[in-house]
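Here is what each chain is made of, one letter per residue.
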Amino acid sequence: MRALVLERQRELSLRDIELPITPAAGEVKIKVHTVGICGSDVHYYTHGRIGPFVVDAPMVLGHEASGTVVEVGPGVGGLKVGDRVCMEPGIPDPNSRASKLGIYNVDPSVTFWATPPIHGCLTPYVVHPASFTYKLPDTVSFAEAAMVEPFAVGLQAASKARIAPGDLAVVIGAGPIGIMVALAALAGGCSRVIISDLQPQKLAVAGRYPGVATVDITRERLADVVARESDGWGADVVFEASGSPKAYQDIFALPRPGGRLVVVGMPVEPVDFDVVSAAAKEIRIETVFRYANVYDRAIAMIASSKVDLKPLISETFRFDESIAAFERAAEGRPGDVKLQIAMTEPA
Ligand SMILES: NC(=O)c1ccc[n+]([C@@H]2O[C@H](COP(=O)([O-])OP(=O)(O)OC[C@H]3O[C@@H](n4cnc5c(N)ncnc54)[C@H](O)[C@@H]3O)[C@@H](O)[C@H]2O)c1
Ligand SMILES: [Zn+2]
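Residues numbered from 1 in each chain as written. Chains lettered and ligands numbered in written order. Predicted model: local features only at pLDDT ≥ 70, side-chain atom pairs only at ≥ 80, totals over all residues.

Caption draft 1: Inspection of the domain arrangement of the chain at higher detail. The domain architecture assigned to the chain consists of domain 1 (2-147 + 309-342) and domain 2 (155-287). Once you take the C-alpha centre of each, domain 1 and domain 2 turn out to be 29 Å apart. At the interface, six residues of domain 1 touch seven residues of domain 2. Here the side of domain 1 that touches domain 2 is composed, by residue class, of four nonpolar, one polar and one charged. (Domains from an automatic or database assignment. Contact = placed C-beta atoms within 7 Å. Nonpolar A, V, L, I, M, F, W, Y, C, P; charged D, E, K, R; others polar.)

See the structure below:
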């Protein structure tokens, strides 16, 4: 089957590659419609690795996908041919201790699309477990459904924060993940979100949403704005979504006493962590690794118009333009939030 293959660092090809084509028991075959390009796909392309995950054999990219069920394997209930769906890319061992605890995202044996050595979904058809394939309401487009994956990270962060109605949140970083976190925090009950970045174009996109105030850290200190906006008390929740080590300098000036820090960004190197500043405010610190049990909630929030992800789609490429799409993503244009690849013409 034709696929976008990362042969090795900095070398992509659109070529035939052997992939599963027949659904086994409990699986469905899906005609892929739309695939979003994620920062991790781009990082594998430009660096050939993310931490311990190294691309040492050709790998199909892509993990943010929607499509239509075209074949159903034995024993599948709840899905039928023709259903519009989106797919959760991480598959745990259902019998693992982590799965039994409901924290299947941290199952050590989880496999995840486009994380070496597992092939991703930038190919016309994929075979996937039915239990990680979610039916879409008619009101959710394929393009929006391909955004469920990054939005699920935002929802996981909002859940970990245990938001109380009316909370003031700070989000550090207005990349796709930071914006998803901000929207999830607002939909989850925050009254306001202050989001920071050093790229004005990113802040312009985030600032179009009601309830989101922006801080350009090249012009103002984030801590000063948070102090001003909270009468010196601090934010109830701080989400770190930039992955920048610099974000940790003075980060504990942002939350209020007894507030929370939710770590979403993944710095490539260990960061300095000021234990005493955190302890002096008894900050509760949470980490996020992808998501568990939030896909259906994410779809429901998009369907009910609690969140509108459509403004975040910067451009859509055709499958035969996939390599150009990755070149564009690797450029990191400041105005780009999410680039997508549409495998088929609009249905
Ligand atoms: N925990 C998870 O499961 C999970 C999932 C997906 C992504 N991530 C991580 O989340 C982070 C963000 O992902 P993304 O795709 O949005 O990345 P991105 O690089 O597109 O966005 C990061 C943004 O942060 C901004 N930034 C950099 N330094 C900053 C600073 N000091 N203060 C404020 N903003 C700053 C950048 O200008 C950029 O707009 C990455 O570290 C990524 O690895 C984590
Ligand atoms: Zn992703």
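Picking up where we left off.
Caption draft 2: Local environment of the sheet that holds strand 17 (residues 255-263). Strand order in the open sheet formed by six strands is 15-14-13-16-17-18, and the pairing between neighbours is parallel. Since the sheet does not close on itself, it has two edges, and those belong to strand 15 (212-216) and strand 18 (284-287), each with one partner. Pairwise comparison of adjacent strand axes, ignoring direction, gives a mean angle of 20° for this sheet. Two elements, strand 14 (residues 192-197) and strand 15, share five bridges in a ladder whose sense is parallel. What sits directly across from V193, in strand 15, is V212. Each of strand 13 (168-172), strand 14, strand 15 and strand 16 (235-240) is contacted by helix 5 (residues 176-187), which is oriented at about 170° to strand 14, the strand it contacts most. In the packing of helix 7 (residues 222-229) onto the sheet, contacts are made with strand 13, strand 14, strand 15 and strand 16, and the angle to strand 14 comes to roughly 165°. (Pairing = 2+ DSSP bridges. Helix = DSSP H or I, 4+ residues; strand = E, 2+ residues; numbered from the N terminus. Axes fitted to C-alpha atoms, helices over the stretch in contact; angles between N-to-C directions.)

Caption draft 3: The nonpolar core, seen in detail. In this structure, V181, A182, A185 and F239 are the most contacted members of the largest nonpolar core, which totals 105 residues. With 10 residues, the top contributor of residues to this core is helix 5. When neighbours within four sequence positions are excluded, F239 is seen to be in contact with A157, A169, V170, V171, I172, V181, A185, V262 and V264. (Core = buried A, V, L, I, M, F, W, Y, C linked by C-beta atoms within 7 Å. Buried ≥ 20, exposed ≤ 12 C-beta atoms within 10 Å, placed from the backbone.)

Caption draft 4: A look at the site of ligand 1. Around ligand 1, the surrounding shell holds 27 residues, and the nearest of these are G39, G173, G175, G243 and S244. Elements with a contribution of two residues or more to the shell around ligand 1: helix 5 and strand 14. No other element matches the three residues that helix 5 contributes to the shell around ligand 1. Of the residues belonging to the shell around ligand 1, the class tally is 13 nonpolar, 10 polar and four charged. (Near = placed C-beta within 6 Å.)

Caption draft 5: Quick peek at the pairing of strand 3 (residues 27-36). Burial of strand 3 is extensive: nine of the 10 residues sit out of reach of the surface. Summarising the sheet, strand 3 and strand 7 (residues 64-72) pair through eight bridges and their orientation is antiparallel. Residue pairing across strands places V35 opposite A65, the latter belonging to strand 7. Note: strand 3 against strand 20 (residues 338-342), three bridges, orientation antiparallel. Residue pairing for strand 20: V35 is matched across the bridge by I341.

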